[in-house]
Amino acid sequence: MYGYTKAYDDAIKRGVNDPGSYFWWLDVETGNSWQTDTALNRATLEGMVDYFESITAGRKNAEGKAAGVGIYSTSSQWGIIAGTVPSGSSLAGLPSWLAGAKTLRGAKSNCSLPGLTPNSRVRVTQYVSAGLDYDYSCI
């Protein structure tokens, strides 16, 4: 319930116009506050996924791109926070946005890494250049 409610707050209480037409990325970083129990963290994230999937199912944005939900993290931070995700979890198969590359070349290479959850694919990678974050689309 906690994750579902937090996702609802993000989408509705913050005044987002037509929240069901967005692609929502769950920011999973150790700099945020998390429990030490990875199962509790997964339950929170699963609740968030359940809410966002309920409002984005079958929807598209103004450019015709599919709405939905994915996970933004690094492999190491994801492991610390969420642990091993069971294949039956609603987190399994979600697109991954992998942070952590130090160069564009590294970001391109990271597109071939496994996603953060079972049956997941890396959709976007991130790298740092001159102190700024940049993204690279893998698709």
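Residues numbered from 1 in each chain as written. Predicted model: local features only at pLDDT ≥ 70, side-chain atom pairs only at ≥ 80, totals over all residues. Heavy atoms only, no water.

Trainee: Before we move on, can you summarise the pattern of salt bridges with the specific residues and values?
Mentor: Inspection of every chain in the model, using the stated rule, returns four salt bridges. Put simply, K6 and D9 hold a salt bridge, and the shortest N to O gap is 4.0 Å. Placement of both K6 and D9 in helix α1 (residues 2-13) is noted, with a separation of three residues, approximately one turn of the helix. Residue class for K6 comes out partly exposed when judged on its relative accessible area of 34%. Each of K6, D9 and K13 takes part in one network of salt bridges that share partners. (Salt bridge = Lys/Arg side-chain N within 4 Å of Asp/Glu carboxyl O. Helix = DSSP H or I, 4+ residues; strand = E, 2+ residues; numbered from the N terminus. Buried < 20%, exposed > 50% of the residue type's maximum accessible area, 1.4 Å probe, protein only.)

Trainee: Can you lay out the side chain of T74 for me, pointing to particular residues and giving the numbers?
Mentor: Residue position: T74 is located in the loop between β2 (68-73) and α3 (75-82). Judged by relative accessible area, T74 falls into the buried class, the value being 15%. For T74, the side chain forms a polar contact with the main-chain nitrogen of Q77, separated by 3.1 Å. Not counting residues within four places of it along the chain, the set of residues in contact with T74 comprises A99, G100 and L116. (Polar contact = N/O pair within 3.5 Å; in protein donor to acceptor, adjacent residues only side chain to side chain. Contact = heavy atoms within 4.5 Å.)

Trainee: Any chance you could break down the pairing of β2 for me, citing the residues and the numbers?
Mentor: Of all six residues in β2, six are buried; the element is thus mostly enclosed. The sheet contact formed by strand β1 (residues 23-27) and β2 spans five bridges and is parallel. By the bridge assignment for β2, W25 is matched with G70. Taking the sense of rotation as the criterion, the β-α-β connection linking β1, helix α2 (residues 38-56) and β2 turns out right-handed. Pairing analysis gives three bridges linking β2 to strand β3 (residues 96-101), with the strands arranged parallel. Opposite I71, over in β3, you have S96 as the bridge partner. (Pairing = 2+ DSSP bridges. Right-handed = clockwise from strand over helix to strand, strands pointing away.)

Trainee: How would you summarise the state of the cysteines if you had to cite specific residues and measurements?
Mentor: Evaluation of the coordinates by the stated rule reveals one disulfide. Shown here is the disulfide that connects C111 with C138, its sulfur atoms set 1.9 Å apart. Between C111 and C138, the S-S torsion sits near -75 degrees, and that sign places the bridge as left-handed. Here C111, found in the loop between α4 (104-110) and β4 (122-129), pairs with C138, found in the segment after β5 (132-137); they are 27 residues apart in sequence, far enough to count as distant. (Disulfide = S-S within 2.5 Å.)

Trainee: So what's going on with the packing of α1 against α2? Residues and values would help.
Mentor: At their nearest, the axes of α1 and α2 sit 6 Å apart, and the two run at 45 degrees to each other. As far as their axial angle goes, α2 and α1 are oblique. Seen along the crossing, α1 lies across α2 with a hand that is right-handed. Two secondary-structure elements touch here, α1 through Y2, G3, Y4, A7, Y8, D10, A11 and I12 and α2 through T44, G47, M48, D50, Y51, F52, S54 and I55. Class assignment of the residues belonging to the contact of α1 with α2 gives a composition of 10 nonpolar, four polar and two charged. (Axes fitted to C-alpha atoms, helices over the stretch in contact; angles between N-to-C directions. Parallel < 35°, antiparallel > 145°, perpendicular 65-115°, else oblique. Left-handed = near helix turned anticlockwise from the far one by under 90°. Nonpolar A, V, L, I, M, F, W, Y, C, P; charged D, E, K, R; others polar.)

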